[in-house]
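Structural features, examined
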Amino acid sequence: MNGAPNIYWFILPLVVAVSLVYTASRYESWPVIWARSARLCLWILAALIGTTAFLLLVNTQS
Amino acid sequence: MTDPSIPLRDPAKAALLAWLVPGLGHFYQGRRGKGWLYAGCILGLYAVGFYLGSGKNVYWRWVSPFNTDKFMLHYVGQFFVGLPALPALIQATIQHFHPGAEFLGGFMAEPSARVLNGLLLHGKPYEIGLIYTTVAGLLNVLAIYDAYDGPAYGRGDESEPTADEGDEATTADAVKAGGPRR
């Protein structure tokens, strides 16, 4: 493991920004924007983690 | 449909401003909160991406879109960030008509193959920067549309019709449509 930050950490700000901007373009009410963007953020992260877990499961390479 | 309670002022002007600087169109409309949110998320993503790519991942090249080897597909996304990505287009246009001429000291000019290979050899930051800057531009398309036409689903905090109101509406619709009346 080298000193460079793990590239997976770069996904987090991307997902947060996508969730906030997408939800803000759908709604105008701030409580709705916060709540729905948090939910979207979790859904995207869950999908990414699930996909990664599946790929790890079927991975045959070292 | 646009909610009349949301001030869009001059939608075309707001959309143009939103393209020029992410969030500016919303400031123009007085939607300051959204202006800050779009500016923070989109410009932040773009700035970090540009930094990760050492300032060499936003550039344009005038070639046919069918020339897939040379066409700069990522700039099509980056273009929508507006002013921050515009020097690349100006630079490429100047170099297309006057090869060798430089604008802003070569800022956002197409890097040489040697420079690009060097950046790619350093690992992932260049590629991550490319993704960040491109996604930032694509997100601004949503912001531009929001400035032009308002939020897609309205305010979002309107009260849902109660079950009784819903039933009444359904019955009234059925009667209007000539349905059976008991």
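Residues numbered from 1 in each chain as written. Chains lettered and ligands numbered in written order. Predicted model: local features only at pLDDT ≥ 70, side-chain atom pairs only at ≥ 80, totals over all residues. Heavy atoms only, no water.

**Let's talk about the overall build of chain A**
Secondary structure summary: chain A contains 2 helices and 0 strands in total. The C-alpha radius of gyration computed for chain A amounts to 15 Å, which surpasses the reference 11 Å derived for 62 residues by more than 25%, pointing to a less compact arrangement than a globule. Overall, chain A is about 50 × 30 × 15 Å in size when its C-alpha atoms are taken along their principal axes. Considering chain A as a whole, with its 62 residues, one finds that 29% of them fall into the buried category. Summed over its atoms, the accessible surface of chain A is roughly 4400 Å², and 72% of this surface lies on carbon and sulfur atoms. (Helix = DSSP H or I, 4+ residues; strand = E, 2+ residues; numbered from the N terminus. Rg over C-alpha atoms; globule rule 2.2 N^0.38 Å. Buried < 20%, exposed > 50% of the residue type's maximum accessible area, 1.4 Å probe, protein only. Areas by Shrake-Rupley, 256 points an atom, 1.4 Å probe, with all protein chains shown as cover.)

**Overview of the packing of helix α1 (residues 11–20) of chain B against helix α7 (residues 125–149) of chain B**
All names here are of chain B. α7 packs onto α1 with a crossing angle of 160° between their chain directions and a minimal axis gap of 7 Å. As judged from the angle between their axes, α1 and α7 are roughly antiparallel. The way α1 lies across α7 gives a crossing that is right-handed. For the pair formed by α1 and α7, the contact residues are Pro11, Ala12, Ala14, Ala15, Ala18 and Trp19 on the first element and Asn140, Ile144, Ala147 and Tyr148 on the second. Partitioned by chemical class, the residues of the contact of α1 with α7 number 9 nonpolar, 1 polar and no charged. (Axes fitted to C-alpha atoms, helices over the stretch in contact; angles between N-to-C directions. Parallel < 35°, antiparallel > 145°, perpendicular 65-115°, else oblique. Left-handed = near helix turned anticlockwise from the far one by under 90°. Contact = heavy atoms within 4.5 Å. Nonpolar A, V, L, I, M, F, W, Y, C, P; charged D, E, K, R; others polar.)

**Some points on the environment of Arg32(B)**
All names here are of chain B. When you line up the elements, Arg32 lands in helix α3 (residues 32–52). A relative accessible area of 52% means that Arg32 is categorised as exposed. It is 40 Å that separates the C-alpha atoms of Arg32 and Ser64, two residues lying 32 residues apart in sequence.

**With respect to the layout of surface pockets**
Here the idea is plain: a probe the size of a water molecule rolls over the atoms and shows the empty space left. Residue and element names in this part refer to chain A. Approximately 310 Å³ is the volume attributed to the largest pocket. Counting only elements with at least two residues in the lining of the largest pocket, the list comes to α1 (11–26) and α2 (30–58). Element by element, the count of residues in the lining of the largest pocket is highest for α2, at 7 residues. (1 Å grid on protein atoms, 1.4 Å probe; cavity = no way out; pocket = protein on both sides within 12 Å on 5 of 7 lines; lining within 4 Å. Points joined across faces, edges and corners; volume = space filled by probe spheres on them.)

**Some points on the packing of aromatic side chains**
By the definition in use, this model includes 12 aromatic pairs over all chains. For the ring pair Tyr27(A) and Tyr153(B), a centre distance of 5.5 Å and an interplane angle of 65° mean the geometry is edge-to-face. Pair noted here: Tyr27(A) is in the loop between α1 and α2 and Tyr153(B) is in the loop between α7 and α8 (163–176), and the two residues belong to different chains. Take Tyr27(A): its relative accessible area is 9%, and that puts it in the buried class. You can call Tyr153(B) partly exposed: its relative accessible area is 49%. (Phe/Tyr/Trp six-rings, centres within 6.5 Å; stacked < 30°, edge-to-face > 60°.)

**A closer look at the environment of Leu139(B)**
Residues and elements named next belong to chain B. Turning to its location among the elements, Leu139 is positioned in helix α7. Residue Leu139 is classed as buried on the basis of its relative accessible area, which comes to 6%. Distance from Leu139 to Val81, taken between C-alpha atoms, is 8.5 Å for residues 58 residues apart in sequence.

**Focus on empty space enclosed by the protein**
Scanning the model with the defined rule gives 1 cavity of 30 Å³ or more in all. What the largest cavity holds in volume is close to 30 Å³. Around the largest cavity, the lining residues are Ser25(A), Arg26(A), Leu142(B), Tyr145(B), Asp146(B), Gly150(B), Pro151(B) and Ala152(B). Those elements giving two or more residues to the lining of the largest cavity turn out to be α1 of chain A together with α7 of chain B. Ranked by residues supplied to the lining of the largest cavity, first place goes to α7(B) with 3 residues.

**Brief notes about a nonpolar patch on the surface**
Taken together, the side chains of Phe54(A), Leu55(A), Leu57(A) and Val58(A) make up a nonpolar region of the molecular surface, amounting to roughly 450 Å² of accessible area. Take Leu55(A): it is sitting in helix α2. (Patch = residues over 30% accessible without salt bridge, like charges linked within 9 Å, V, L, I, M, F, W, Y side chains within 5 Å. Salt bridge = Lys/Arg side-chain N within 4 Å of Asp/Glu carboxyl O.)

**Looking at the confidence of the model for chain B**
Residues and elements named next belong to chain B. Of all residues in chain B, 86% attain a pLDDT of 70 or more, and the chain-wide mean is 86. The low-confidence segment residues 174–182, where pLDDT is below 50, has 2 contacts with residues more than four positions distant or belonging to other chains. Scoring the predicted complex yields pTM 0.85 and, for the interface, ipTM 0.88. (pLDDT = per-residue confidence, 0-100.)

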